[in-house]
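Architecture at a glance
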Amino acid sequence: MRPIPRKSLFLIPFLFAACAQPRMVPPEEVAGGTVLDAKNRSSASGLFVNEAFDLGSYKVANVKRKAESGSGFTISNYSQNKTTTGYSWQLEGGATPWKGVCAMTRSDKGVGLGNGMSFSKQKTNLTCECTGGPQAGRLEMKAADGGSYTGTFTPAGKSYDLTPVTTTDKKTFGMGAVGYRFDATDGARGAVETLKPGRIWFTEKLTAEEREPAACVLTGLMLYVEPSDN
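In every chain, residue numbers begin from 1 and rise along the written sequence. At least 70 in pLDDT is required for a residue's local features to be given in this predicted model, at least 80 for side-chain atom pairs to be given and counted, and no such filter applies to totals for whole chains, interfaces and linings, which use all residues. Just so you know, side-chain values use all the structure's heavy atoms and leave hydrogens and water out.

A run of DSSP states H or I qualifies as a helix once it reaches four residues; a run of E qualifies as a strand once it reaches two. Both are numbered from the N-terminal end. Summing up its helical and strand segments, the chain has three helices and 12 strands in all. For every residue, the accessible area obtained with a 1.4 Å probe (protein chains only) is divided by the maximum for its type, and the residue is called buried under 20%, exposed over 50%, and partly exposed between those limits. For the chain, buried positions account for 44% of its 230 residues. A fraction of 51% describes how many contacts in the chain between residues 6 or more apart in sequence connect residues 24 or more apart. Element-wise, carbon and sulfur atoms account for 52% of the exposed surface of the chain, whose accessible area totals about 12,200 Å². Whether two residues touch is decided by their heavy atoms; if any such pair falls within 4.5 Å, the residues are in contact. Each accessible area is a Shrake-Rupley result for a 1.4 Å probe, and residues are judged covered by the shown protein chains and nothing else.

Given below as C-alpha cells:
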C-alpha cells in the first residue's frame, strides 16, 4: 500500500474540523448550569433506525415512529382524530422510567421554523407528554403568523415560556431555530439544542422534582422530524 504523505496526516484533522456541524450557543443565563450531552446517537432517523442514545446519565430507548392519522397515541386533552403523525420513546436511568410521546397536527398554510426543526411545508402544532413519575411533563408548541412559534413547557406542574434560540458557533444562513430556552418570570430554567447530537441545560432554579420529567419532555424536541407528505 502506498504510504500517506506526512503532510496529508496533518490535513486530516483539519478537514474533519472544517466539516464539523454547527452547534447551538446556549444563552448566557443557562450556559453555566447542568448539561446533559447526547452521545452515541445516530445521525439518521426513521422507522428502521435504532435511535437510542445516551443523554447525560440517562438512556433514551425504544424510539418508535408512526405515520398514520389518528394512530393511537394517547396524550391527555389531545384529539387523536386530528393527529397527523407521532412518535414515542422511553427515558431510563433515573428514579423512575418515563414514557414519552409526541403528536403533531398540520394545517394548510406553510411557515418555516428553521433548520434542525423545520416546520417548512405547513403550519405544525406539536404536543409532547411524559408520564411515569408523580406528575406528568408536557409541552405545547403552536404555529403563529409570521413564521414564529409560541410554546409552553410544564415539567412538573409549573409552566414556563418556551422560546427559540438561533445563535450558533459557526456562521450560518437562514438556519432559524436551533434550540429552545424555557423561562419563568424570575429567570431562566434551562434550554435544549435540537441540532444533532443535542444537549439539554438546567439552571439551579429548576427544582429536583422537575428535572427528570423535563429531560424526558425535551427529548421529544430533540427527536422531532418534519412529517413527510408521502
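Now for the state of the cysteines. Disulfides are defined in this document as cysteine sulfur pairs within 2.5 Å. In this structure the tally under the stated criterion is two disulfides. Residue pairing for Cys-130: its cysteine sulfur links by disulfide to Cys-216, the two sulfurs lying 2.0 Å apart. Between Cys-130 and Cys-216, the S-S dihedral sits near -80°, and the bridge is therefore left-handed. Of the two residues, Cys-130 is situated in strand β6 (residues 124-131) and Cys-216 in helix α3 (residues 208-222); the sequence distance between them amounts to 86 residues. Residue class for Cys-216 comes out buried when judged on its relative accessible area of 0%.

For the chain, the average pLDDT comes to 81, and 72% of its residues sit at 70 or higher. pLDDT runs from 0 to 100 and stands for how confident the predictor is about each residue. Between residues 6-18, whose pLDDT stays under 50, and residues either more than four places distant or in other chains, the model counts two contacts. In the predicted structure, residues 109-121 sits below a pLDDT of 50 and forms 48 contacts with residues beyond four places in sequence or in another chain.

Expected helix span is given by 1.5 Å per residue-to-residue step, counting one fewer step than there are residues. With 15 residues, α3 ought to run about 21 Å at 1.5 Å a step, and its terminal C-alpha atoms sit 22 Å apart, in line with that. Of all the bends in α3, the greatest measures close to 30° and is centred on Ala-214. Taken across its 15 residues, α3 has 12 buried, putting it largely inside the fold. Within α3 the residues assigned to the buried category are Glu-210, Glu-212, Pro-213, Ala-214, Ala-215, Cys-216, Val-217, Leu-218, Thr-219, Gly-220, Leu-221 and Met-222. Note on bend: at a given residue it equals the angle between the axes fitted to the 7 residues ending there and to the 7 starting there.

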